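Understanding the architecture of this molecule
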Amino acid sequence: MKDLKEGYKKQPAGATKRFCQFLKLNPDTLEQYKYWHNSHNIWKEIPLGIRKAGILDMEIYVINDMAFMLIEAAPDFDWDTSFGKLATYERQAEWEEFVSQFQIVGEGQRSEEKWQLVERIFSLTDALK
C-alpha cells in the first residue's frame, strides 16, 4: 500500500477550474470498486471519453465508504454540456450501470446525477491574498 504521507505528484496544469464531488459506496463491495478504478483495470474507453468531454484531469480518493472526486478542467468548461456529451460516448452508459453496483445511488442515475458537488469553504491561496 502506498504511503499516503508521500502525497501524489501532479504536473501544474495552468489556469483551470476545479470541481469536487462525493458519493457513498457500498462497504461490502469497496475493494471491487477500487479494483475497477485502478488504471490497469478500468475499461479503456472510459478515460478516453472523460478526456474527450473536456476534463483535463480526474482523481478519485476513497475513505471508509465515501468516494471523493477532483476534476480539473479548462476555464471555459461547461459542466452540463460536457457531462451531457460524456453520457453519449462509447461504453459510458454501460460503465455507469456496471459501477453502480458498488455505489449507494438511485437506479439508473447518470454520473452527474449520483455524484454530489461539494462546496469549497477554504482556499489557502485566497486567504493569503
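Residues numbered from 1 in each chain as written. Predicted model: local features only at pLDDT ≥ 70, side-chain atom pairs only at ≥ 80, totals over all residues. Heavy atoms only, no water.

The name given to the protein in an unreviewed UniProt entry is L-rhamnose mutarotase, with the source organism recorded as Dysgonomonas gadei ATCC BAA-286.

In terms of helices and strands, the protein carries six helices and four strands. From first element to last, N terminus to C terminus, the protein shows the α and β order β-α-α-β-β-α-α-α-β-α. The C-alpha radius of gyration of the protein comes to 15 Å, within 12% of the 14 Å expected for a compact globule of 129 residues. Projected onto the principal axes, the alpha-carbon positions of the protein cover approximately 45 × 35 × 25 Å. Per-residue burial over the protein gives 29% buried out of 129 residues. Across the protein, every contact between residues at least 6 apart in sequence was considered, and the portion connecting residues at least 24 apart equals 72%. Charge-centre separation for the protein: the mean point of 17 positive side chains lies 6 Å from the mean point of 21 negative side chains. (Helix = DSSP H or I, 4+ residues; strand = E, 2+ residues; numbered from the N terminus. Rg over C-alpha atoms; globule rule 2.2 N^0.38 Å. Buried < 20%, exposed > 50% of the residue type's maximum accessible area, 1.4 Å probe, protein only. Contact = heavy atoms within 4.5 Å. Lys, Arg positive; Asp, Glu negative; His and termini not counted. Charge placed at Lys NZ, Arg CZ, Asp CG, Glu CD.)

Quick look at the pairing of strand 1 (residues 17-24) now. The side chains of a regular strand alternate, first on one face of the sheet and then on the other. As defined by bridge partners, strand 1 adjoins strand 3 (residues 66-73) across eight bridges and the pair is classed as antiparallel. In the sheet register, R18 faces strand 3, and the bridge partner there is E72. (Pairing = 2+ DSSP bridges.)

Further remarks concern a nonpolar patch on the surface. A cluster of nonpolar residues, I121, F122, L124 and L128, forms a patch on the protein surface that exposes about 530 Å² of accessible area. Looking at F122, the relative accessible area reads 56%, which means it is exposed. (Patch = residues over 30% accessible without salt bridge, like charges linked within 9 Å, V, L, I, M, F, W, Y side chains within 5 Å. Areas by Shrake-Rupley, 256 points an atom, 1.4 Å probe, with all protein chains shown as cover. Salt bridge = Lys/Arg side-chain N within 4 Å of Asp/Glu carboxyl O.)

Okay, unusual backbone geometry next. With the exception of glycine, most residues fall at negative phi, and the peptide bonds are largely trans. Even without being glycine, N64 reaches a positive phi, approximately 55°. Note on placement: N64 falls in the loop between strand 2 (55-63) and strand 3. Relative accessible area serves as the criterion here: at 65%, N64 is assigned to the exposed category. With phi around 65°, R91 is a residue other than glycine that occupies positive phi space. Within the secondary structure layout, R91 lies in the loop between helix 3 (79-86) and helix 4 (92-99). Of the residues examined, R91 reaches a relative accessible area of 30% and is grouped as partly exposed.

The strand order 2-3-1-4 describes an open sheet built from four strands, whose pairing is antiparallel. Across the chains shown, the open sheet's two edge strands, defined by having one partner strand only, are strand 2 and strand 4 (116-117). Strand direction decides the pairing type here: strand 2 and strand 3, joined by eight bridges, are antiparallel. Within the sheet, the bridge partner assigned to I55 lies in strand 3 and is A73.

All right, on to the packing of aromatic side chains then. With the rule as written, the count across this model stands at 11 aromatic pairs. Ring centres 5.0 Å apart and planes at 75° place the aromatic pair W43 and W95 in the edge-to-face group. Of this pair, W43 sits in the loop between helix 1 (30-37) and helix 2 (45-52) while W95 sits in helix 4, and the two are 52 residues apart along the sequence. A single burial state applies to W43 and to W95, both of which are buried. Consider the rings of W95 and F98, whose centres lie 6.0 Å apart with planes at 45°: the pair is tilted. (Phe/Tyr/Trp six-rings, centres within 6.5 Å; stacked < 30°, edge-to-face > 60°.)

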